[in-house]
Amino acid sequence: MASLVPAGYTDWLANLKMRIRDTRLRTALAVNSELILLYWNIGRDILIRQERDGWGAKVVDRLAIDLRAEFPDSRGFSRANLLYMRAFAEAWPDLPIVQQVVGQLPWGQNIELLGVKDPSERHWYAQAARAQGWSRSVLALQIASQAHVRQGQAITNFERALPPATSDLAQQILKDPYQFDFLNLDPSVQERDVERGLIARVKDLLLELGKGFSFIGSQHHLEVGGEDFYVDLLFYHRKLRCLIAVDLKAGRFRPEHAGKMNFYLAALDDHERESDDNPSIGLILCREHNRVVVEYALRGVETPIGVSRYQTMLAESLPADLAAALPSPDELEPGILTASDTDGPD
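Values in this document were obtained by computation on a predicted structure and should not be read as measured data.

Student: Is there a simple way to think about the overall build of the protein in this case?
Tutor: The helix and strand inventory of the protein stands at 16 helices and 7 strands. Burial statistics for the protein: of 346 residues in total, 38% are counted as buried. Taking as baseline every contact in the protein between residues at least 6 positions apart, the subset at least 24 positions apart corresponds to 61%. For the protein, the accessible surface area stands at approximately 19900 Å², while carbon and sulfur atoms represent 54% of it.

Structural data, given as structure tokens:
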């Protein structure tokens, strides 16, 4: 006979599980921070010895042999990793930055950041990776697509349509252009094809949108005056505390798109906005836009709307001559399959 569960046990167990998970996470982060700090100190020592004391490059080879002999179970003291430590210390000379920012990132992400040569850009990506929880592969993609340039670049009327504190935050969360390079779609596809592709890869979509977006649904139904209308994609943003409606356009932005989004936002605010929510925000995603046309279209609109471009392949953002020189996915696929059949494990 199963033992009876005392009153309050279920809630206590749930709380206990949460505390255990939290402690494990904090322990893992503390261990990672100590390891990153150790690597930084080793790298700094190598720098000092080479620059101040004139030790040659061969000291790294000798150090790798000696450390691996002393710590045979550790994979972190290879010659390549010691050189990464030296580059890491050179890239981040200030200890507080190491402790507060990059020390919170795994070593793989820190290695990826070394490819960003501009210190201010590198710092931006380090902070973004920490705040967004980017994996190494996602961080590499964000660097390749120049996320620091795209962030906050959507054309909006937020300054006029939202309170100052909210408008600044809303502006920063929108990008232009968005990189949907995980969609292998022909430029001639229709909006519905783009939408289907985004829904099929909703995890990748949320990563590109950024932290705070929660997906509600696609073709979200609105009934107004006995007629049916549908919002392509609907999200809720936890930090902004508002609904975000996304309208996908396969072609160029047209002024009438702003009127349609204004209609959606009015309906969402009247029928679905909660009492403690902020006004709903609209994002029109199109293949192309003319900044002057967008600004005129938004000038008389009082609901908050942003307009951004999207690209379905990273090659779309490259110069035409360079993009033309790249192999197509069909050309790449046989080589990828061959490599995956012959390559051993990492």
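Student: What is the right way to read the pairing of strand E7 (residues 305-311) from this model?
Tutor: Looking along a regular strand, one sees side chains alternate from face to face of the sheet. Of all the 7 residues making up E7, 6 are buried; the element is thus mostly covered by neighbouring parts of the structure. Bridge analysis of strand E1 (residues 155-156) against E7 gives 2 bridges, and the strand direction is antiparallel. Within E7, the position partnered with isoleucine 155 by the bridge is valine 307. Summarising the sheet, strand E2 (residues 178-179) and E7 pair through 2 bridges and their orientation is parallel. By the bridge assignment for E7, glutamine 179 is matched with glutamine 311. The pairing of strand E6 (residues 281-286) with E7 spans 5 bridges and is parallel. When the sheet's bridge partners are listed, leucine 283 is paired in E7 with glycine 306.

Student: Quick question: what am I supposed to make of the nonpolar core here?
Tutor: For soluble globular proteins, the rule of thumb is that nonpolar side chains tend to be buried together. Ranked by size, the top nonpolar core spans 33 residues in total, and within it Leu82, Phe88, Trp92, Val102 and Leu113 carry the most contacts. If you list the elements that add at least two residues to this core, you get helix H1 (9-51), helix H2 (58-70), helix H3 (79-91), helix H5 (107-113), helix H6 (119-132) and helix H7 (136-144). Residues within four places of tryptophan 92 in sequence aside, it is in contact with Trp40, Ile97, Val98, Val102, Leu113, Arg122, His123 and Ala126. Core analysis: the second largest hydrophobic core is formed by 27 residues, Leu162, Ala170, Ile173 and Tyr310 among them.

Student: Before we go on, may I ask you to explain the environment of arginine 86 in this structure?
Tutor: Residue placement: arginine 86 occurs in helix H3. In sequence terms arginine 86 and isoleucine 46 are 40 residues apart; their C-alpha atoms lie 6.3 Å from each other. Here arginine 86 is in contact with Gly43, Ile46, Leu47, Gln50 and Glu51, once residues within four sequence places are set aside. Among the polar contacts made by the side chain of arginine 86, one reaches the side chain of glutamine 50 at a distance of 2.6 Å.

Criteria and cut-off values
- Throughout this document, residue positions are counted from 1 along each chain, in the order its sequence is written.
- Whole-chain, interface and lining totals are the exception, using all residues; otherwise, since this is a predicted model, local features are given only for residues with pLDDT of at least 70 and side-chain atom pairs are given and counted only at 80 or more.
- Processing note: side-chain calculations cover all non-hydrogen atoms of the structure and skip hydrogens and water entirely.
- Under the DSSP-based scheme used, a helix requires at least four consecutive residues in state H or I and a strand at least two consecutive residues in state E, with every element numbered from the N terminus.
- Only protein chains enter the accessibility calculation, which uses a 1.4 Å probe; a residue whose area is less than 20% of its type maximum is buried, one above 50% is exposed, and one in between is partly exposed.
- By the convention used here, residues are in contact when the closest approach between their heavy atoms is within 4.5 Å.
- The method behind every accessible area is Shrake-Rupley, applied with a 1.4 Å probe, and residues are considered shielded solely by the protein chains displayed.
- DSSP calls a pair of strands paired once it identifies at least 2 bridges connecting them.
- We define the nonpolar core as a collection of buried residues of types Ala, Val, Leu, Ile, Met, Phe, Trp, Tyr and Cys that are connected through side-chain atoms lying within 4.5 Å of one another.
- Here a polar contact is recorded for every N or O atom pair within 3.5 Å, except that within protein the pair must consist of a potential hydrogen donor and a potential acceptor, and residues adjacent in sequence are included only if both atoms are side-chain atoms.

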